[in-house]
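Descriptive analysis of the structure
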Amino acid sequence: MATMTIRNIDDDLKSRLRIQAAIHGRSMEDEARDILRAALSTEPARGKSLVEAIRARIEPLGGIELELPAREAIREPVDLGA
């Protein structure tokens, strides 16, 4: 098992942890472990990607056909060596 040290905890936060640990009948260390375990036991809700969100919002409206402009022929390159 790993060991972790947490420095610079606000006095009020430490006091609240001590009180909560006493209410649950365990040490502050056990209480902190339980809080971390509970907080990290579930996967965070993952939202849709930006593309999926845009598609879900626009798709029900239907698509449109855009008229593409005619392409011009490729012109001859300019001779810069002259």
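Shown above is the structure to which this text applies.
Report on the accompanying structure. (Residues numbered from 1 in each chain as written. Predicted model: local features only at pLDDT ≥ 70, side-chain atom pairs only at ≥ 80, totals over all residues. Heavy atoms only, no water.)

**Let's talk about the packing of helix α1 (residues 11-24) against helix α2 (residues 28-40)**
Two measures define how a pair of helices packs: the angle their axes make with one another and the distance between the axes. Between α1 and α2, whose axes approach to 8 Å, the crossing angle comes to 95°. Here α1 is positioned roughly perpendicular relative to α2, judged by the angle of their axes. Every residue of α2 that contacts α1 at Lys 14, Leu 17, Arg 18, Gln 20, Ala 21 and His 24 is listed here: Met 28, Glu 31, Ala 32 and Ile 35. When grouped by side-chain class, the residues that make up the contact of α1 with α2 number five nonpolar, two polar and three charged. (Axes fitted to C-alpha atoms, helices over the stretch in contact; angles between N-to-C directions. Helix = DSSP H or I, 4+ residues; strand = E, 2+ residues; numbered from the N terminus. Parallel < 35°, antiparallel > 145°, perpendicular 65-115°, else oblique. Contact = heavy atoms within 4.5 Å. Nonpolar A, V, L, I, M, F, W, Y, C, P; charged D, E, K, R; others polar.)

**Some remarks on the pattern of salt bridges**
Counted under the stated rule, the structure contains six salt bridges. Residue Arg 26 is joined to Glu 31 by a salt bridge in which the shortest nitrogen-to-oxygen separation is 2.6 Å. Of the charged contacts in the structure, one is a salt bridge between Arg 33 and Asp 30, with a shortest N-O distance of 2.4 Å. Linking Arg 33 with Asp 30, this pair stays in helix α2, spanning three residues, or about one helical turn. One network of salt bridges, in which partners are shared, links Arg 26, Glu 31, Asp 34 and Arg 37. (Salt bridge = Lys/Arg side-chain N within 4 Å of Asp/Glu carboxyl O.)

**Notes on unusual backbone geometry**
Unlike most non-glycine residues, Asn 8 shows phi in positive territory, near 60°. Take Asn 8: it is sitting in the segment before α1. Asn 8 gets classed as exposed once you look at its relative accessible area, which sits at 80%. (Buried < 20%, exposed > 50% of the residue type's maximum accessible area, 1.4 Å probe, protein only.)

**A closer look at the environment of Arg 16**
As for its position among the elements, Arg 16 is in helix α1. For the pair Arg 16 and Ile 74, spaced 58 residues apart in the sequence, the C-alpha separation amounts to 75 Å.

**A closer look at a nonpolar patch on the surface**
Taken together, Met 4, Ile 6, Ile 9, Leu 13, Leu 36 and Leu 40 make up a surface patch of nonpolar side chains, about 620 Å² in accessible area. Within the fold, Leu 36 resides in helix α2. Note on Leu 36: relative accessible area 41%, which makes it partly exposed. (Patch = residues over 30% accessible without salt bridge, like charges linked within 9 Å, V, L, I, M, F, W, Y side chains within 5 Å. Areas by Shrake-Rupley, 256 points an atom, 1.4 Å probe, with all protein chains shown as cover.)

Everything listed here is a matter of coordinates, which is why it stays silent on function.
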